[in-house]
Amino acid sequence: MTTQTTASTVSFWINGQHTSSRGTRHGSVTNAATGRVVRTVPFANDADVDLAVESARAALPAWRATTPLRRARILMRFRDLLEQHTGEIAAAITEEHGKTLPDAAGSVQRGLEVVEFATGIPHLLKGEHAEDVGAGVDSHTVQQPLGVCAGITPFNFPIMCPMWMIPVALACGNTFVLKPSEKDPSASMLAAQLLQEAGLPDGVLNIVHGDKQAVDALLTHDDIAAVSFVGSTPVARHVYETASARGKRVQALGGAKNHAVVLPDADLDGAADALIGAAYGSAGERCMAISAVVAVGNAGDAIVSRLKERATALRIGPGDREGVEMGPLITQAHLDRVRGYIDTGDREGAELVVDGRGLSVAGYENGHFLGPTLFDRVTRDMSIYRDEIFGPVLVVVRAESDEDAIDIVNQSPYGNGTAVFTQSGAAARRFANAIQVGMVGVNVPIPVPMAFFSFGGWKSSLFGDLHMHGPDGVRFYTRTKVVTTRWPDRRDAVSLSMPTMK
Ligand code: NAD
């Protein structure tokens, strides 16, 4: 495989080739640990997007006509290549995003699992059949691809989020244009090259980079049939409204503020260990990160003291250094934004139990580092509670009872993930039943569904009707046709009445 990750300029991937931009706008990709610019990334203009969509449109008839089994076999080879190149992809993610190498490799694995799911999609493309829906008349359904689909993905999972979309869309017979995050574009470029090596015909997958201009060109393009988006809530809403107003099928996954409820009967040491990983893993830059703990009754002081002890012991540094548990944030601008929230929380009167602002990593003074931060006695009017901070900042709110805790979670405008920590099956069952959230964990802090289930939140965490990958992913990337068949062995009388299949 020829790799472009060490080149100073990232290219587009159009019709199976590295392609330069026709425009002049570009952005910078930084090494999150050093703060140094490592490459530049071209920002697609309308002509670039047209070229990518045209390539996908031209590749569609042959790809649609390729049997599902042959499509799946290409994905099987791709799955093996992804596994073989996990180290290389994880290194690109760690450099550009900052997360630790084991964490990056884990995200490659979660993407690979969607490829594994997609290799079984021929089974899910089977339709329904009913004999004798009328006298001598049978009906069957077929699941057909939509056409050219677009995917727009966020910075925090540069391989996993594209993999939520691409394998499923391709297995269903669609062709694809991806616009990955301009902040860490290299992992998806590596994946495109591996797909080519696996035998994917040119043009079936295309990649353009860029910002709002590229995204809007995709959302409004006449030849795009469907849009899958993952990112922040305001942009998800924009994507949903713009593309669906143009008749496209849309699934737009947005931001989150995920709560973990800790009940007094929980195994508090186990809960604290789980919460530390869920709050500070990937420096809190996960859509399923736990960013708010609701501590019920006397669980409050006990969980806060355990979280404090563990948070202060975390090892922070560059993600490629052995033993480091938490890396830097994505950009200096994001670091400044997260620090701003800590300043505000402090001013607003929350109890700052662990303050990550003083952290400096020797030799990496220009890296985007922030230490783990813990606030206690946070109230729901504070911005550190209301907003998605997307950094290593965990807030604790206190609740009187299980019911109060459920009410607090349900009043959040977001509904991506949540977890309850308890040793009571009855309490866990009540929680799972009443909670208004799409993905629920019982003593599991980050309940990300496996690839053969579907991933998606509720409320402002998802716009659209269908979640990603799993059965919903297949529904999203196909449309159903019902074929009604009669092979007459006699001539029927002409009838102008509504057919009733007697
Ligand atoms: P973002 O919304 O800023 O960007 C996402 C994508 O949209 C990127 O490709 C970006 O280039 C593009 N974009 C940005 N601004 C745009 C605009 N004004 N118009 C059109 N396109 C635009 O998100 P991010 O900062 O890259 O990622 C972090 C966010 O993603 C967090 O809010 C996180 O919760 C969310 N996220 C959600 C999920 C989920 O499954 N719900 C998963 C991962 C990340």
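Residues numbered from 1 in each chain as written. Predicted model: local features only at pLDDT ≥ 70, side-chain atom pairs only at ≥ 80, totals over all residues. Heavy atoms only, no water.

Undergrad: What's the story with the sheet that holds strand β6 (residues 137–145) in this structure? I'm lost.
TA: Paired through their backbone hydrogen bonds, the strands of a sheet run either parallel or antiparallel. Read across the sheet, three strands follow the order β5-β6-β22 without closing on themselves; strand pairing throughout is antiparallel. Because the sheet does not close on itself, it has two edges, and the strands there are β5 (129–134) and β22 (478–486). Looking at each pair of strands side by side, their axes are set apart by 30 degrees on average, direction ignored. Both β6 and β22 contribute to a ladder of nine bridges, which runs antiparallel. Across the sheet, Gln 143 pairs through a bridge with Thr 480, a residue of β22. (Pairing = 2+ DSSP bridges. Helix = DSSP H or I, 4+ residues; strand = E, 2+ residues; numbered from the N terminus. Axes fitted to C-alpha atoms, helices over the stretch in contact; angles between N-to-C directions.)

Undergrad: Please explain the domain arrangement of the protein as it appears in this structure.
TA: Its domain assignment divides the protein into domain 1 (12–254 + 461–482) and domain 2 (258–442). Placing the centre of domain 1 and that of domain 2 at their C-alpha centroids yields a distance of 31 Å. In this complex, domain 1 contributes 21 residues to the contact, which on the side of domain 2 involves 24 residues. Summed over both sides, the interface between domain 1 and domain 2 buries roughly 1,800 Å², with carbon and sulfur atoms accounting for 60% of that surface. For the pair domain 1 and domain 2, the number of links is one salt bridge. Remark: the boundary between domain 1 and domain 2 carries eight residue pairs in polar contact (both at pLDDT 80 or more). (Domains from an automatic or database assignment. Contact = heavy atoms within 4.5 Å. Buried area = accessible area lost by both parts, 1.4 Å probe. Salt bridge = Lys/Arg side-chain N within 4 Å of Asp/Glu carboxyl O. Polar contact = N/O pair within 3.5 Å; in protein donor to acceptor, adjacent residues only side chain to side chain.)

Undergrad: Please explain the site of the ligand as it appears in this structure.
TA: Near the ligand, the surroundings consist of 28 residues, among which Lys 179, Glu 182, Ser 232, Gly 254 and Glu 388 are the closest. Residue Gly 254 places a main-chain N or O atom 2.7 Å away from a nitrogen atom belonging to the ligand. A distance of 2.6 Å separates an oxygen atom of the ligand from a polar side-chain atom of Glu 388. Considered on its own, the ligand offers 840 Å² of accessible surface; in the complex 88% of this is hidden by protein. In terms of residue class, the shell around the ligand is made up of 14 nonpolar, 10 polar and four charged. (Near = heavy atom within 4 Å. Areas by Shrake-Rupley, 256 points an atom, 1.4 Å probe, with all protein chains shown as cover. Nonpolar A, V, L, I, M, F, W, Y, C, P; charged D, E, K, R; others polar.)

Undergrad: Which parts of the structure should I look at to understand the nonpolar core?
TA: Generally speaking, a soluble globular protein has its nonpolar side chains buried in company with each other. Counting 67 residues, the largest nonpolar core has Phe 78, Ile 89, Ile 121, Trp 164, Phe 176 and Tyr 477 as the members making the most contacts within it. Top element by residues in this core is helix α6 (residues 160–171). It accounts for 10 residues. Each of domain 1 (12–254 + 461–482) and domain 2 (258–442) gives at least three residues to this core. Ignoring any residue separated from it by four or fewer positions in sequence, one finds Ile 89 in contact with Leu 82, Val 108, Ile 159, Ala 187, Leu 190 and Leu 194. (Core = buried A, V, L, I, M, F, W, Y, C linked by side-chain atoms within 4.5 Å. Buried < 20%, exposed > 50% of the residue type's maximum accessible area, 1.4 Å probe, protein only.)

Undergrad: What's the story with a nonpolar patch on the surface in this structure? I'm lost.
TA: Together, Met 450, Phe 452 and Phe 453 make up an exposed nonpolar region whose accessible area comes to about 330 Å². Counting through the fold element by element, Met 450 comes out in the loop between β19 (439–442) and β20 (458–459). (Patch = residues over 30% accessible without salt bridge, like charges linked within 9 Å, V, L, I, M, F, W, Y side chains within 5 Å.)

Undergrad: Quick question: what am I supposed to make of the pairing of strand β8 (residues 175–179) here?
TA: A regular strand places its side chains so that they alternate between the two faces of the sheet. Most of β8 sits inside the fold, with five of its five residues counted as buried. Neither face of β8 is exposed, since Thr 175, Val 177 and Lys 179 on one face and Phe 176 and Leu 178 on the opposite face are all buried. Of the strand pairs in this sheet, strand β7 (residues 148–152) and β8 are connected by five bridges, and their pairing is parallel. Each residue of the ladder has a partner; that of Gly 151, found in β8, is Leu 178. In this view, the connection linking β7 to its parallel neighbour β8 by way of α6 has right-handed handedness. (Right-handed = clockwise from strand over helix to strand, strands pointing away.)

Undergrad: Looking at this structure, how should I read the pairing of strand β11 (residues 249–253)?
TA: The buried fraction of β11 amounts to four of the five residues, a majority that puts the element mostly inside the structure. As paired elements, strand β10 (residues 226–230) and β11 share five bridges and run parallel to each other. By the bridge assignment for β11, Phe 229 is matched with Ala 252. A crossover links β10 with its parallel partner β11, the connecting element being helix α9 (residues 233–245), and its sense is right-handed.

Undergrad: Help me understand unusual backbone geometry in this model?
TA: Glycine aside, the phi torsion of most residues is negative, and most peptide linkages are trans. Positive phi is not limited to glycine here, since Phe 390 has a value of about 60 degrees. Here Phe 390 shows up in the loop between α13 (383–386) and β16 (393–399). Despite not being glycine, Lys 459 shows a phi value in the positive range, around 55 degrees. Here Lys 459 lies in strand β20. Overall, the relative accessible area of 33% leaves Lys 459 in the partly exposed class.

Undergrad: Looking at this structure, how should I read the confidence of the model for the protein?
TA: Where the model shows low pLDDT, its predicted coordinates should not be examined in detail. Model confidence for the protein is summarised by a mean pLDDT of 96, while 98% of its residues fall at 70 or above. The model gives residues 1–7 a pLDDT under 50, and that stretch makes 21 contacts with residues more than four places away or in other chains. (pLDDT = per-residue confidence, 0-100.)

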